[in-house]
Structures are given as C-alpha cells and as structure tokens.
Amino acid sequence: MNIEKLKKTAQNFGTPLYVYDLSIIDKQLDKIKQGFNTLNNYQLFFAAKALSNISILKYMNNLGLGLDAASIEEVKTGIKCGFDKNKILFTPNGIDLSEIKEAMSFGVKINLDSMESLQDFSDSYPNQSISIRINPDVLAGANENVSVGHVKSKFGIPEEQIYDVLKMEEEGKIKVTGLHIHTGSDIIENNHFEVGIRKIFFHAYRFKNIETIDLGGGIKIPYFEGDTETNLKKYAEVINEEVLRFNLKTKKNIRLIFEPGKFLVSDSGYLITKVNYVKKSSHYTLVQLNSGFNHLIRPTLYKSYHEIINLSNPDDEKFEYSVVGYMCEKDTFAESRMISRISKDDIICIKNSGAYGFSMASNYNSRLKPTEVCIIGNKFKIIREREKFEDLFRGQIDIFKD
Ligand SMILES: *Cc1c(COP(=O)(O)O)cnc(C)c1O
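Residues numbered from 1 in each chain as written. Predicted model: local features only at pLDDT ≥ 70, side-chain atom pairs only at ≥ 80, totals over all residues. Heavy atoms only, no water.

With that settled, the discussion passes to the pattern of salt bridges. One pass over the full model with this rule turns up 16 salt bridges. Taking the shortest distance from any N to any O, the salt bridge between Lys-173 and Glu-171 comes out at 3.0 Å. Among the residues examined, Glu-171 registers a relative accessible area of 44% and is labelled partly exposed. Glu-242 is the partner of Arg-245 in a salt bridge, and the nearest nitrogen-oxygen pair spans 3.6 Å. Taken together, the positions of Arg-245 and Glu-242, both in helix H9 (residues 232-250) and three residues apart, correspond to about one turn of that helix. (Salt bridge = Lys/Arg side-chain N within 4 Å of Asp/Glu carboxyl O. Buried < 20%, exposed > 50% of the residue type's maximum accessible area, 1.4 Å probe, protein only. Helix = DSSP H or I, 4+ residues; strand = E, 2+ residues; numbered from the N terminus.)

Below, the structure written as structure tokens:
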C-alpha cells in the first residue's frame, strides 16, 4: 500500500473517492493462476456485481477473463464492454422468462436456478443446451447474509429435484450441458468448498451431455494481517481429484469455470475519506468521516471488517477510535479500533473497498456518489465523475412545476 500515492489522490480529486490500483488486480489474478496451476482446463469469469465500472470490466476483458452477470443489465454491460458472447455467463435468480429470452437472443450462456424457470425455458427452447445451478445444501460463507448454498437458501435447484431435471432430459425437453454451484462469499473452511465440489461431481455423472462444471466464486481474502484465507492449492487439489476421476470414467475433458469477484478486486480498492470532526465524550472518541453506508455498506450490512489507516499520520501512536459516517442512521465503519492519532481534516483510508463498495453505493440521504479513480502504472485516471447535485433529479418528474 502506497500511502503517499493514496494521499495524492485525495489532493487531486477531493474526498470521498474510490481508488483502484490495477496492479493489485494483476497480482490477485497471478495468485489464482499459481494456485490453480495443477488444473488444466478452466476459465475465469469475473463477477461483475463486485465492481462494475466499465473501465474495470474492460480491463478484465483485456486480461482474458470472462464476465459473470447477475442481471440482464450486467449482460448488456458486458457486451458493451466488448466481451465475446461466449465469455459472458448469466447467473440470475428468480427472474422472468423475458430476461432469459433476451439473454438467449444475445447468445450468452445461462445458469438457470429453479425447476420452474427450467420448465418455462424448455417450453420456449426445447432440448437446447442449458446450464443449471444446484443448491448443494452447504452452509458456507462468512455469515448468513453471504451464505447462499444451504437448503433453505433461495438460490439453485434443490438437490431433491435433480431427479425431475434428469427426467426432463430423458424426455428430450432439455439438454443439461453445465452444472453450477456458488455457495457463498468469504468461504473460510476448505471443507465447505470440498462438500460442494464432491456433491456437484457426484451429480455430474448422471448428466450425459455435461461439458462444464462451474464452481462459482467465494474465495476468501485476508482482511488484516494474520486473517484466514482460502487455501487455493488445497482447493485445486480436491477439484483435481474429482476431475481426474470424472474424466477417466466418462472419457470427457470436463471444463471448469470459476467466478471470482471479491478475490480479484477487494484488495485493489480503497475508499478515501476526510475526517470532519473527532467527537469526544466520556463514553467514546468518534471519528466522523465525510462518507457513510451510502458509499460503503459492507460494515453495516455484513458487519464486515475493513482495515482503516490514517494516511495523514500513519506512524504516530495508536489510540482507540470508533469510526462512523455522516448518515442520519447508524453507520459505523469500525468500533473500538486502534488507529494512529487522528485529527480533524486527516485523510482516512478504508481498505478492501474494491469489491461490493461502489457497486452497492446509493443516494440515501440524498448524498452524492463519490468519484472513482484508478491507478494504472504511474498515472491516476478518473473512471467516474463525482456525482453532481443535478444528477439526483435525473428521471424525476416535477408535476407541480408551473
Ligand atoms: C456474487 C457471486 C460471485 C462472486 O462471489 P465472490 O464472493 O465475490 O467471489 C460468483 N458467482 C455468483 C453466482 C455470484 O452470485
């Protein structure tokens, strides 16, 4: 982390702002490639919802990655950014057939996630290739908000309905060429991954047209010195064991797909803010930032940990602070955190803000969204203008205007 460089972005572009260091995306991609170097047939699709600025998406495309889209809008954004249709995956949840039809018209790949939508799909596209998302009934992920693979989760076709899917295939109604699982974000325990992997391969043997197995995202990164992270080598080992057995038994060469979001971009992003006041009472010392959960909702929504650095005074003695936002609502970034001495007007950096940061930002409290800047080589480049007051009213209709 280059403190001087980050401080400079605050001087050049004002606060609050998001900064993305593209070299860190490269580094993370290399880590995946290293970790997966025993896998010989796999593709990476960046999960667009983590960070969907078009300059970042184009950068991912240039790195050779595909795109995993969570909505038809992300599919269209991918097309706009020049991704080949073969490199766009549409993994929606609970959507109407009309979106599926639109995605089909673009020729992108789709992961369907319920029997109901599969039936609709087969009525419109009998016996066409389709990939399905299975709910493997694994409770994985950092907390219940990001754990999406357990039996009561709304995601995926429940395992108990796989026989119905197989029956549809026997009857010539569908042709399942891919199976997909995504069990959650920030998966710490390799054995959670393992259960999911074993299960999806177990099911795969029964689908005679299968070509791809998609293992989703969820690779955990460390949020602080000494924090846990997914062991990619071990993850790949389990996968490889299954792949080798599968290929041997079926005489296929199954293609693997991964959909990393957070792993690629979390570390690359920083939310840079300014201290409005250090507010003191006998109960607390509050650092009040010129930002809030309108800009970074993860600490509020998921209780997620983000390291906080005082860029203006990084090496001074540490004191205990609670760092809060300016929303008229509870928006704590960090509670009782040791940070080097903070004063009014200091520039504060919230780390690990690249994933699910700006992409989850809102205009709550009628606050404006921050600007986004990337560091590319030795240059800073603006990739999104700071919102303007007028932008708040775009699309609104004033019926009382005279
Ligand atoms: C959100 C999501 C991902 C990315 O998850 P990360 O935890 O950011 O890696 C991948 N696949 C699907 C289907 C998702 O919904």
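All right, on to the packing of aromatic side chains then. The relation between two aromatic rings is expressed through the spacing of the ring centres and the mutual angle of the planes. Tallied over the full model, the rule gives 15 aromatic pairs. Consider the rings of Tyr-235 and Phe-258, whose centres lie 6.0 Å apart with planes at 70°: the pair is edge-to-face. Of this pair, Tyr-235 sits in helix H9 while Phe-258 sits in strand S10 (residues 255-258), and the two are 23 residues apart along the sequence. On the basis of relative accessible area, Phe-258 is assigned to the buried category, the value being 2%. Chaining the aromatic ring pairs together yields one cluster made of Phe-36, Tyr-42, Phe-193, Tyr-235 and Phe-258. The lysine or arginine in question, Arg-367, covers the ring of Tyr-326, its NZ or CZ lying 4.0 Å from the ring centre. (Phe/Tyr/Trp six-rings, centres within 6.5 Å; stacked < 30°, edge-to-face > 60°. Lys NZ or Arg CZ within 6 Å of the ring centre and 35° of its normal.)

Turning to the side chain of Asn-41, a few remarks are in order. Looking at the element boundaries, Asn-41 is found in the loop between helix H2 (22-35) and strand S2 (42-47). In terms of polar contacts, Asn-41 uses its side chain to reach the backbone carbonyl oxygen of Ile-254, at 3.3 Å. (Polar contact = N/O pair within 3.5 Å; in protein donor to acceptor, adjacent residues only side chain to side chain.)

With an omega of -10°, the peptide bond between Thr-15 and Pro-16 qualifies as cis. Along the polypeptide, Pro-16 turns up in the loop between helix H1 (3-13) and strand S1 (17-21). Residue Asn-365 is not a glycine yet carries a positive backbone phi of 65°. On the secondary structure map, Asn-365 appears in the loop between strand S16 (347-350) and strand S17 (371-376). Although it is not a glycine, Ser-366 adopts a positive phi angle of roughly 55°. Within the element layout of this structure, Ser-366 appears in the loop between S16 and S17. Under the relative-accessibility criterion, Ser-366 is labelled exposed at 54%.

A separate point is the pairing of S16. Burial along S16 is two-sided: Ile-347 and Cys-349 facing one way and Ile-348 and Ile-350 facing the other are all buried. Pairing between strand S11 (residues 269-280) and S16: four bridges, direction antiparallel. From the neighbouring strand, Ile-272 faces S16, where its bridge partner is Cys-349. (Pairing = 2+ DSSP bridges.)

Attention now goes to the environment of Lys-220. Structurally, Lys-220 can be placed in the loop between strand S9 (212-214) and H9. For the pair Lys-220 and Asn-231, spaced 11 residues apart in the sequence, the C-alpha separation amounts to 8.7 Å. Within the structure, the side chain of Lys-220 is placed 2.9 Å from the backbone oxygen of Thr-228, a separation counted as a polar contact.

Okay, the side chain of Asp-113 next. Mapped onto the elements, Asp-113 comes out in the loop between strand S5 (109-112) and helix H6 (115-124). A distance of 2.6 Å separates the side chain of Asp-113 from the side chain of Asn-93, its partner in a polar contact. A distance of 3.2 Å separates the side chain of Asp-113 from the backbone nitrogen of Gly-156, its partner in a polar contact. Contact partners of Asp-113, with chain neighbours within four places excluded, come to Pro-92, Asn-93, Gly-94, Arg-133, Lys-154, Phe-155, Gly-156 and Ile-157. (Contact = heavy atoms within 4.5 Å.)

Our next topic: the packing of H6 against helix H7 (residues 162-170). Remark: H6 packs on H7, axes separated minimally by 11 Å, with the N-to-C direction vectors making an angle of 10°. With respect to their mutual orientation, H6 and H7 come out roughly parallel. Along its contact with H6, which presents Met-115, Leu-118, Gln-119 and Ser-122, the element H7 presents Asp-164, Val-165 and Met-168. Considered class by class, the residues forming the contact of H6 with H7 number four nonpolar, two polar and one charged. (Axes fitted to C-alpha atoms, helices over the stretch in contact; angles between N-to-C directions. Parallel < 35°, antiparallel > 145°, perpendicular 65-115°, else oblique. Nonpolar A, V, L, I, M, F, W, Y, C, P; charged D, E, K, R; others polar.)

Those residues of helix H4 (residues 72-80) not exposed but buried are Ile-72, Glu-74, Val-75 and Gly-78. Looking straight down H4, one finds that the buried residues subtend no more than 160° of arc, so they occupy a single side. At its buried positions, H4 is contacted by strand S3 (66-69), strand S4 (88-90) and helix H5 (97-106). Phi turns positive one or two residues past the end of H4, at Gly-82, with a value near 90°. (Arc of directions from axis to C-beta.)

Formed by 92 residues in total, the largest nonpolar core has its most connected members in Phe-46, Leu-118 and Leu-215. Counting residues per element, this core draws most heavily on H9, at seven residues. Judged by nonpolar contacts, the second largest core, of 13 residues, contains Leu-6, Leu-17, Ile-309 and Leu-311. (Core = buried A, V, L, I, M, F, W, Y, C linked by side-chain atoms within 4.5 Å.)

Here we take up the state of the cysteines. Under the counting rule described, the total for this entry stands at zero disulfides. Just so you know, Cys-349 is unpaired, no disulfide at all, and the nearest cysteine sulfur is the one on Cys-374, 16 Å from it. With no disulfide of its own, Cys-374 lies 13 Å from the sulfur of Cys-81, the closest cysteine sulfur. Overall, Cys-374 belongs to the buried group, its relative accessible area being 6%. (Disulfide = S-S within 2.5 Å.)

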